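Residue-level structure breakdown
Each chain is listed here by its residues.
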Amino acid sequence: MKIQELSKNLKIAVKPFYMITGDDFYFKKMATDQLKKLVDESSFDFNITYFNPQMSAESLYINLQTPPLMSDYRIVMFICDGKKIDKDRAKQLEEKIKEWLKNPCPGVVLVAVNDEDSLKFLTKIAEVVDCSKQNTIELMSLVTKYINENGYSSNDTAVKELITKCNNDMMIITNELVKLFALSENKIIDYDMVCKIVVNNIEQSVFKLTDSIAQGNIGDAYFITDNLLATGEQPLKILAAITSQYRRMFISKVSVDSDNVIAEQLGVKPYAISIAKRTAKNYKPMQLKRLVDKMQLIEFQAKNGEIGMLEGLNLALMYAVNRR
């Protein structure tokens, strides 16, 4: 289910096992907060416990068999922090959870937070709560509501620009709104404010950078790079993002698969592939292949100290500009 459906579904029926997935930390926190509200606030200390993969599967099973105390529900939070779990431990955990699900302790709810797909092996036995980034249309009403609830107003143009600059990441959007609220003198968040104050997300900036190179707007490409460096982004991080974008462009150019399939293979959103495919129209496949090979070599040399990070970024830009 989508995160928006969780609150309504909890009122209908509470399932014994929820898996929170997705890449938007704002929505993941919203999901965990909603599930924690099942517990009587005065008994949080007794009825919210935390489990990590370093503990044994048997200890998790015992924990899940412990009934609530002075509350209708007890929550067991399974937090993995993106650390990979070895196959044997994963198998043990899955078997114990399956055993518990055959006859779950009344009122006990297991909540697993699937960071970096570290708990993916459990998704088939859980009620999955999708906390992925949402598209612009879905976010428009949500962001506008958030702005209004904080006592401010805005318009669709400003809200859309904010969402775009923040790469549709609700956590980044809310962080940027804190700045906008503080600097707004008339309680209005307008388009000019968003343009002046909100810094482009690095991925969004790299989209524009590679597109500028493809279109021959070299000055714009260097301007975007300078802005990223001025805001504190590390040269190696920018270089890695540029390399990834050219790799997407090459794969989207030569692949016969749909945007959704390519996106799943590369672990990105479909819109990122559609942007890559659009920019890739300016290149021949072999041009992109040579660009990717060169970028990867430069990134490798920078990571291993053979060349400086800033030197590597400049080399990559020079190569991309000369091979456009």
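First things first, this report covers the structure right here in the doc. (Residues numbered from 1 in each chain as written. Predicted model: local features only at pLDDT ≥ 70, side-chain atom pairs only at ≥ 80, totals over all residues. Heavy atoms only, no water.)

1. Remarks on a nonpolar patch on the surface
- Residues Phe46, Leu69 and Met70 make up a contiguous nonpolar surface patch of about 330 Å² in total accessible area.
- Along the chain, Met70 turns up in the loop between α4 (57-64) and β3 (74-79).
- Accessibility expressed as a relative area gives 58% for Met70, which makes it exposed. (Patch = residues over 30% accessible without salt bridge, like charges linked within 9 Å, V, L, I, M, F, W, Y side chains within 5 Å. Areas by Shrake-Rupley, 256 points an atom, 1.4 Å probe, with all protein chains shown as cover. Salt bridge = Lys/Arg side-chain N within 4 Å of Asp/Glu carboxyl O. Helix = DSSP H or I, 4+ residues; strand = E, 2+ residues; numbered from the N terminus. Buried < 20%, exposed > 50% of the residue type's maximum accessible area, 1.4 Å probe, protein only.)

2. Observations regarding the nonpolar core
- The biggest cluster of nonpolar side chains holds 40 residues, and the ones touching the most others in it are Ile213, Ile242, Tyr246, Tyr283, Leu288 and Leu291.
- Within the residue set of this core, elements represented by two or more residues are α10 (202-215), α11 (218-230), α12 (235-254), α13 (259-266), α14 (270-280), α15 (285-303) and α16 (309-322).
- A per-element tally of this core places α12 first, with eight residues.
- Dropping the residues within four chain positions of it, Tyr246 is found in contact with Thr210, Ile213, Tyr283, Leu288, Leu291, Val292, Met295 and Ala320. (Core = buried A, V, L, I, M, F, W, Y, C linked by side-chain atoms within 4.5 Å. Contact = heavy atoms within 4.5 Å.)

3. Comments concerning the pattern of salt bridges
- This model, assessed by the stated rule, comprises 12 salt bridges.
- Where Lys96 meets Glu58, a salt bridge forms, and the shortest distance between an N and an O atom there is 3.0 Å. You can see Lys96 sitting in helix α5 (residues 87-102) and its partner Glu58 sitting in helix α4, a full 38 residues away along the chain.
- Note that Lys179 is salt-bridged to Glu176, the shortest N-O span being 2.9 Å. Taken together, the residues span about one helical turn, with Lys179 and Glu176 both in helix α8 (residues 170-183) at a distance of three residues.

4. Overview of the state of the cysteines
- This structure, assessed with the given rule, holds zero disulfides.
- Looking at the unpaired Cys166, the closest cysteine sulfur is the one in Cys195, lying at 12 Å.
- What makes Cys166 buried here is its relative accessible area of 1%. (Disulfide = S-S within 2.5 Å.)

5. Some thoughts on the environment of Ser71
- With respect to the helices, strands and loops of the structure, Ser71 is situated in the loop between α4 and β3.
- Using a relative accessible area of 17% as the deciding quantity, one classes Ser71 as buried.
- For the pair Ser71 and Lys87, spaced 16 residues apart in sequence, the C-alpha to C-alpha distance is 36 Å.
- Filtering out sequence-adjacent residues up to four positions away, Ser71 remains in contact with Leu38, Val39, Asp40, Ser43 and Asn47.
- Only 3.1 Å separates the side chain of Ser71 from the backbone oxygen of Tyr73, close enough to count as a polar contact. (Polar contact = N/O pair within 3.5 Å; in protein donor to acceptor, adjacent residues only side chain to side chain.)

6. Some thoughts on the packing of aromatic side chains
- All chains considered together, the criterion is met by four aromatic pairs.
- Centre to centre, the rings of Phe51 and Phe78 are 5.0 Å apart; their planes meet at 85°, and the pair counts as edge-to-face. Separated by 27 residues along the polypeptide, Phe51 in strand β2 (residues 48-51) and Phe78 in strand β3 bring together distant segments of the chain.
- Classification of Phe51 as buried rests on a relative accessible area of 1%.
- Given a relative accessible area of 0%, Phe78 falls into the buried group.
- Measuring from ring centre to ring centre gives 6.3 Å for Tyr246 and Tyr283, while their planes differ by 90°; the resulting arrangement is edge-to-face. Here Tyr246, found in helix α12, pairs with Tyr283, found in the loop between α14 and α15; they are 37 residues apart in sequence, far enough to count as distant. Residue Tyr246 shares its accessibility class with Tyr283, and that shared class is buried. (Phe/Tyr/Trp six-rings, centres within 6.5 Å; stacked < 30°, edge-to-face > 60°.)

7. Here's the deal with the layout of surface pockets
- By volume, the largest pocket amounts to about 1100 Å³.
- In terms of lining, the largest pocket is formed by 30 residues, of which the most central are Asp23, Asp117, Gly267, Val268 and Lys269.
- Residue assignment for the lining of the largest pocket shows that the elements contributing at least two residues are α2 (25-36), β5 (127-130), α12, α13 and α14.
- Top contributing element to the lining of the largest pocket by residue count: α13, with four residues. (1 Å grid on protein atoms, 1.4 Å probe; cavity = no way out; pocket = protein on both sides within 12 Å on 5 of 7 lines; lining within 4 Å. Points joined across faces, edges and corners; volume = space filled by probe spheres on them.)

8. As for the side chain of Arg248
- Along the chain, Arg248 turns up in helix α12.
- Residue classification places Arg248 among the buried residues on the basis of a relative accessible area of 12%.
- For Arg248, the residues in contact, after removing those within four places along its chain, are Glu203, Phe207, Leu266, Val268, Ala272, Ile273 and Ala276.

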